[in-house]
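What follows is the residue order along each chain.
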Amino acid sequence: MAVGYHDYYETLAVPRTATSDEIRRAYRKLARKYHPDINKEPGAEDRFKQIAEAYEVLRDPEKREKYDRLGSSWRAGDPVPDSEGFGGGDFGGVHFTTGDDFSDFFENLFGGRRPGAGPRRAGEGFGGTVPMRGADHEATIDLTLEEAAVGGTRRLSLGDGRSYEVKIPVGTRAGQRIRLAGEGGPGADGGPRGDLFLKVRIKPHPRFRLDGNDLYVDVPVSPSEAALGAQVPVPTLTGTARVRVPAGSSTGRRLRLRDEGMPTRDGRHGDLYAQVQIVVPKHLDGRERELYEELAAASSFDPRKVN
């Protein structure tokens with residue numbers, strides 16, 4: 001398929017004042033993007049041929065000078081052989097000699113292969129070989145709530161025998177991914193390795209429940225503490241705090257401990273909510289039973305009546 005005239009500078013997305021190095025870098029970037037072995041979108045191969053043709057002209061000082069002066073007529077006066085096709089003649093306006101003397105453009109376009117020489121291997125062809133980046137891999141890493149909160153490092157061993165020291169950011173959340181650059185699949189033709197992404201999964205905690213940045217924990221209190229009020233200990237992620245249970249508290253009442261929840265990556269913290277759980281003794285000794293009976297007789301409180 002012939003490649004018609006295009007503004008070569010526009011094709012490579014470089015200014016007319018671009019240096020040879022800038023033109024080379026632009027070509028390599030676009031060649032990787034539109035290489036037919038990599039880009040399967042319709043029109044990618046035609047776009048690649050345009051890029052290769054533009055580079056063939058602009059990389060040659062004499063051709064570039066002529067193109068700058070004459071524009072689309074820059075090839076005027078060039079001899080054109082009578083033969084056509086790949087053995088000689090023009091391909092997209094670029095002349096090829098006959099026999100084994102392939103032009104640089106032909107080699108760039110077909111990797112030095114004659115038609116019928118067989119399929120290209122992965123990453124080969126236009127421009128010889130194009131380095132191909134390796135595939136990204138994903139694995140799962142299980143963290144405790146405490147590990148996710150405070151961060152740190154963890155040694156992770158994968159099933160294939162690889163082992164890594166993994167840095168856990170402070171305030172990591174379930175579903176987040178930790179990137180290990182260059183630890184994925186191997187590249188082809190000198191291309192870089194892909195990345196390994198570790199998807200975070202936080203283990204269920206026996207005590208805390210996480211909701212956004214806030215933590216919830218049940219705090220058991222006795223009937224007398226709930227009725228009379230008391231200072232009780234509350235577990236936190238980093239230790240223990242004390243909270244005041246107001247007199248007359250019922251099960252389910254939430255007591256807020258500011259900034260004792262999960263940390264965030266910007267240095268803030270959620271809150272910790274201690275939920276009151278009234279616990280009664282399973283067994284009463286003689287005196288305890290007497291006191292409860294006296295209380296029941298003296299009290300007019302009926303928990304089944306709505307106040």
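Engineer: Would you mind showing me how to read the overall build of the protein here?
Structural biologist: When helices and strands are counted, the protein shows eight helices and 15 strands. Out of the 307 residues in the protein, the part that is buried amounts to 36%. Within the protein, contacts between residues separated by at least 24 positions form 51% of all contacts whose residues are at least 6 apart in sequence. A total of about 18500 Å² of accessible surface is found on the protein, and carbon and sulfur atoms cover 49% of it.

Engineer: Could you clarify how one ought to interpret the pattern of salt bridges in this entry?
Structural biologist: Once the charged atoms of two side chains with opposite charge are near each other, the side chains can pair. A complete count under the given rule lists 19 salt bridges for this structure. Here glutamate 56 ties to lysine 63 by a salt bridge, and the two come within 3.0 Å at their closest N and O atoms. Accessibility expressed as a relative area gives 6% for glutamate 56, which makes it buried. With a closest N to O distance of 3.5 Å, aspartate 302 and arginine 304 form a salt bridge. Put simply, Arg133, Asp136, Arg179 and Asp195 are held in one network by salt bridges that share partners.

Engineer: Explain the layout of surface pockets here, please?
Structural biologist: If you roll a probe as big as a water molecule over the atoms, it shows you where there is empty space left. Considered as a void within the structure, the largest pocket measures approximately 610 Å³ in volume. Contributing to the lining of the largest pocket are 19 residues, with Pro223, Ser224, Ala227, Leu295 and Phe301 lying nearest its centre. Elements supplying a minimum of two residues to the lining of the largest pocket: helix 7 (223–228) and helix 8 (286–298). Top element by residues in the lining of the largest pocket is helix 8. It accounts for five residues. Taken together, the residues of the lining of the largest pocket sort by class into twelve nonpolar, six polar and one charged.

Engineer: Help me understand helix 3 (residues 44–58) in this model?
Structural biologist: Between its first and last C-alpha, helix 3 extends 21 Å over 15 residues, near the 21 Å set by a 1.5 Å rise per residue. In terms of residue burial, helix 3 counts as a mostly covered element, since twelve of its 15 residues are buried. Looking at helix 3, one finds that the buried residues are Ala44, Phe48, Lys49, Gln50, Ile51, Ala52, Glu53, Ala54, Tyr55, Glu56, Val57 and Leu58.

Engineer: How should I be thinking about the nonpolar core in this particular structure?
Structural biologist: Core analysis: the biggest nonpolar cluster contains 36 residues, and Val166, Leu198 and Val234 have the highest contact counts within it. For leucine 198, the residues in contact, after removing those within four places along its chain, are Ala139, Ile141, Leu156, Val166, Gln176, Arg177, Ile178 and Leu180.

Engineer: Hey, could you run me through the sheet that holds strand 5 (residues 137–143) in this one?
Structural biologist: Sheets are built from strands that pair by backbone hydrogen bonding, the pairs being arranged parallel or antiparallel. Strands sit in the order 5-9-8 across an open sheet of three strands; the sheet is mixed. The open sheet has two edge strands, strand 5 and strand 8 (177–180), and neither has a second partner. Here the strands of the sheet are splayed against their neighbours by 30° on average, with no regard to which way each runs. Across four bridges, strand 8 lies against strand 9 (residues 196–202) in antiparallel orientation. If you follow leucine 180 over to strand 9, its bridge partner there is leucine 196.

The rules we used
- Residues numbered from 1 in each chain as written.
- Predicted model: local features only at pLDDT ≥ 70, side-chain atom pairs only at ≥ 80, totals over all residues.
- Heavy atoms only, no water.
- Helix = DSSP H or I, 4+ residues; strand = E, 2+ residues; numbered from the N terminus.
- Buried < 20%, exposed > 50% of the residue type's maximum accessible area, 1.4 Å probe, protein only.
- Contact = heavy atoms within 4.5 Å.
- Areas by Shrake-Rupley, 256 points an atom, 1.4 Å probe, with all protein chains shown as cover.
- Salt bridge = Lys/Arg side-chain N within 4 Å of Asp/Glu carboxyl O.
- 1 Å grid on protein atoms, 1.4 Å probe; cavity = no way out; pocket = protein on both sides within 12 Å on 5 of 7 lines; lining within 4 Å.
- Points joined across faces, edges and corners; volume = space filled by probe spheres on them.
- Nonpolar A, V, L, I, M, F, W, Y, C, P; charged D, E, K, R; others polar.
- Expected span 1.5 Å × (residues − 1).
- Core = buried A, V, L, I, M, F, W, Y, C linked by side-chain atoms within 4.5 Å.
- Pairing = 2+ DSSP bridges.
- Axes fitted to C-alpha atoms, helices over the stretch in contact; angles between N-to-C directions.

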